[in-house]
Amino acid sequence: MGQTYQIALRPVCEVRQSEQVDPANVQWLCDSIIRAGHWLEPIIVERSHGIVMDGNHRLNAALQLGLCRVPCIQLDYTDPRVCVRHWRTGHAFEVARIFNTIARGEIFPYKTTRHVFDPALPVIAIPLDRLYE
C-alpha cells in the first residue's frame, strides 16, 4: 500500500462525530479557520461509515461555519497506517467498541480514543469558498 494519503471533499452530513468536544476549542478553531481563509488539517474518517477517527473538533467547527463539505482522509481500521489506543491508558482500543457505540447512536466522552497515523498526516490549504458549495 502506498504511503500517501488521498484527500476527499466529503459532505458534512456523511461525517459522524465519535467523541464529545470542548466548545471553547471548537470556537477557537472556527476563528482560526476564518482568519486563515483555508482549511488546513483534514478530518480523518473511517471510510465506510464516516466515523471520525481524528477531527471531532474540526467537524464541529465545520458545522458551526455552515460548510457543506470538509476535507477528509478516508481510511479503514485494518490499514497498517492506523493505530488506535485508549487516550488515558495508552492500551490498545477495541475497534468493535467504536462501531458498536456509534451504531447505538452514542458518542464517547471527550478524549477517549487516540488515533495515531504513520506516516504523519499532511497539511493542506483548501480555500473555504470550495467548502460552502
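If you're wondering where the values come from, they're calculated on a predicted model, not measured in any experiment.

The rules we used
Residues numbered from 1 in each chain as written. Predicted model: local features only at pLDDT ≥ 70, side-chain atom pairs only at ≥ 80, totals over all residues. Heavy atoms only, no water. Helix = DSSP H or I, 4+ residues; strand = E, 2+ residues; numbered from the N terminus. Rg over C-alpha atoms; globule rule 2.2 N^0.38 Å. Buried < 20%, exposed > 50% of the residue type's maximum accessible area, 1.4 Å probe, protein only. Contact = heavy atoms within 4.5 Å. Areas by Shrake-Rupley, 256 points an atom, 1.4 Å probe, with all protein chains shown as cover. Lys, Arg positive; Asp, Glu negative; His and termini not counted. Charge placed at Lys NZ, Arg CZ, Asp CG, Glu CD. Arc of directions from axis to C-beta. Core = buried A, V, L, I, M, F, W, Y, C linked by side-chain atoms within 4.5 Å.

J.: Just to check I follow, could you spell out the overall build of the chain for this structure?
T.: Across its full length, the chain holds 3 helices and 8 strands. Taking 2.2 N^0.38 as the reference for a compact globule, 133 residues should give roughly 14 Å; the C-alpha atoms of the chain span a radius of gyration of 14 Å, in line with that estimate. Summarising its shape, the C-alpha atoms of the chain cover approximately 40 × 35 × 25 Å along the three principal directions. Looking at the chain as a whole, 40% of its 133 residues are labelled buried. Sequence separation of 24 or more characterises 81% of the internal contacts of the chain that already satisfy a separation of 6 or more. Per element, the accessible surface of the chain, about 7200 Å² overall, is 53% carbon and sulfur. A distance of 2 Å separates the average location of the 14 positive side-chain charges in the chain from that of its 14 negative side-chain charges.

J.: Help me out: how do you make sense of the environment of Ile43 in this one?
T.: In this structure, Ile43 sits in strand E3 (residues 43-46). Under the relative-accessibility criterion, Ile43 is labelled buried at 0%. Once the C-alpha coordinates of Ile43 and Glu19 are considered, the two residues, 24 residues apart in sequence, prove to be 13 Å apart. Setting aside residues up to four positions removed in sequence, Ile43 forms contacts with Val52, Asp54, Gly55, Arg58, Leu59, Val70, Pro71, Cys72 and Ile73.

J.: I'm lost on helix H3 (residues 95-103) in this one. Help?
T.: Residue pairs three or four apart in sequence face the same way in an α-helix, which turns once every 3.6 residues. Among the residues of H3, those classed as buried are Ile98, Thr101 and Ile102. The arc that holds every buried residue of H3, seen down its axis, measures 95°, which confines them to one face. Along its buried surface, H3 packs onto strand E6 (82-86) and strand E7 (113-117). Note on H3: the residue one or two positions beyond its end, Gly105, has a positive phi of about 80°.

J.: Any chance you could explain the nonpolar core here in plain terms?
T.: Across soluble globular proteins, you tend to see nonpolar side chains buried next to one another. One finds Val15, Trp39, Ile43 and Val70 to be the most contacted residues of the largest nonpolar core, which totals 21 residues. In this view, Val15 contacts Arg10, Val45, Gly50, Val52, Leu59, Val70 and Cys72; residues no more than four positions away in its chain are not counted. Grouped together as the second largest cluster of nonpolar side chains are 14 residues, Ile51, Val84, Ile102 and Phe108 included.

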